[in-house]
Amino acid sequence: HVEKDDEPMSNHDTLNGFTGPLAQAIEFIWREAELLDHKNYAEWATLWSESGKYIIPIDPDTEDFEATLNYAYDDARMRDLRIERLTAGYSPSAVDAAKTIRTVSRFRLVEAAGDIVEVNSAQVLYAYKRGVHTPFVADLNHRIRFTDGVPSLERKVVRLINSTDSLSALGFLL
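Note that the structure is a prediction, hence the values are computed from the model and not measured.

(A) Highlighting the overall build of the chain. Scanning the chain from terminus to terminus reveals 4 helices and 6 strands. Expressed as a percentage of its 174 residues, the buried residues of the chain come to 39%. Within the chain, contacts between residues separated by at least 24 positions form 54% of all contacts whose residues are at least 6 apart in sequence.

Here it is as structure tokens:
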């Protein structure tokens, strides 16, 4: 079976044979990546808890995101505003946004306590625009809450490997 770009992930894309919190978290993270590559930002927004934070720090070693400078430190309101900028047609970088393809792998369970699962992984994202491929490589940290089996993002941290370099305007989400 070959998937078409507009088809949702099938059960052929799952972790057959794996169970438990890590497998559930990986499937959730893959779904998030698919939504972002298809620029389905409205559905991506539904993956978040009301208190969730989307963070892209500049300092690669910081854990104090509130006290340091970040490319993004978005709560629900700021995520909504960011999505509006990306989809309303007013932002030049978003109107002519790059096409993206990302792979998320190297999953490691950090913690599974109660209804919270925290996973570290690596993301390789390629953006294609006007004949140019641009890589965005990052370490990811997802903190996911499972309430009655339903996952929601409590926090996503995207640590770009070149975060201290200048970052051009992005017309997509990492």
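(B) Spatial organisation of the sheet that holds strand β1 (residues 48-57). Spatially, the 6 strands line up as an open sheet ordered β2-β1-β6-β5-β4-β3, and their pairing is mixed. The open sheet has two edge strands with one neighbour each: β2 (70-74) and β3 (99-113). Here the strands of the sheet are splayed against their neighbours by 15° on average, with no regard to which way each runs. Pairing analysis gives 14 bridges linking strand β4 (residues 116-129) to strand β5 (residues 132-147), with the strands arranged antiparallel. Residue pairing for β5: serine 121 is matched across the bridge by leucine 140. Contacts between helix α3 (residues 76-87) and the sheet are confined to β1 and β2, with β1 contributing the most and set at about 70° to the helix.

(C) The pairing of β4, seen in detail. In the sheet, β3 pairs with β4 via 12 bridges, with the strands oriented antiparallel. Paired with alanine 112 across the two strands is valine 117, which belongs to β4. From the end of β3 to the start of β4, which pair antiparallel, there are 2 residues, and glycine 114 there has a positive phi angle of about 65°.

(D) Summary view of unusual backbone geometry. With a phi angle near 50°, arginine 130 is a residue other than glycine that sits in the positive phi range. Tracing the backbone through its elements, the reader meets arginine 130 in the loop between β4 and β5. Within the chain, aspartate 148 stands out as a residue other than glycine whose phi angle is a positive 55°. Looking at where aspartate 148 falls in the secondary structure, it is placed in the loop between β5 and β6 (150-160). Assessed through its relative accessible area of 78%, aspartate 148 is described here as exposed.

(E) Up close: the environment of tryptophan 44. Note that tryptophan 44 resides in helix α2 (residues 41-45). What tryptophan 44 contacts, discounting residues up to four positions off in sequence, is Glu32, Leu35, Leu36, Tyr54, Arg79, Ile83 and Leu173. Separated by 3.0 Å, the side chains of tryptophan 44 and glutamate 32 make a polar contact.

(F) Layout of helix α1 (residues 20-37). Taking 1.5 Å as the rise per residue, α1 with 18 residues should run 26 Å; its terminal C-alpha atoms sit 26 Å apart, in good agreement. Taken as a whole, α1 has its buried residues at Ala23, Ala25, Ile26, Phe28, Ile29, Glu32, Ala33, Glu34, Leu35, Leu36 and Asp37. The secondary structure elements touched by the buried residues of α1 are α2, β3, β4, β5 and β6. Following α1 by one or two positions, lysine 39 has its phi on the positive side, about 55°.

(G) Quick peek at the pattern of salt bridges. A full pass over the atoms with the stated rule returns 11 salt bridges. The salt bridge involving arginine 159 is made with glutamate 63; its shortest N-O contact spans 2.9 Å. Of the two residues, arginine 159 sits in strand β6 while glutamate 63 sits in the loop between β1 and β2, which places them 96 residues apart along the sequence. Note on arginine 159: relative accessible area 17%, which makes it buried. Residue arginine 145 is joined to aspartate 115 by a salt bridge in which the shortest nitrogen-to-oxygen separation is 2.9 Å. One end of the pair, arginine 145, is in strand β5; the other, aspartate 115, is in the loop between β3 and β4, and 30 residues separate them in sequence. Connected via shared salt-bridge partners are Arg31, Glu34 and Glu43.

Rules behind the numbers
Residues numbered from 1 in each chain as written. Predicted model: local features only at pLDDT ≥ 70, side-chain atom pairs only at ≥ 80, totals over all residues. Heavy atoms only, no water. Helix = DSSP H or I, 4+ residues; strand = E, 2+ residues; numbered from the N terminus. Buried < 20%, exposed > 50% of the residue type's maximum accessible area, 1.4 Å probe, protein only. Contact = heavy atoms within 4.5 Å. Pairing = 2+ DSSP bridges. Axes fitted to C-alpha atoms, helices over the stretch in contact; angles between N-to-C directions. Polar contact = N/O pair within 3.5 Å; in protein donor to acceptor, adjacent residues only side chain to side chain. Expected span 1.5 Å × (residues − 1). Salt bridge = Lys/Arg side-chain N within 4 Å of Asp/Glu carboxyl O.

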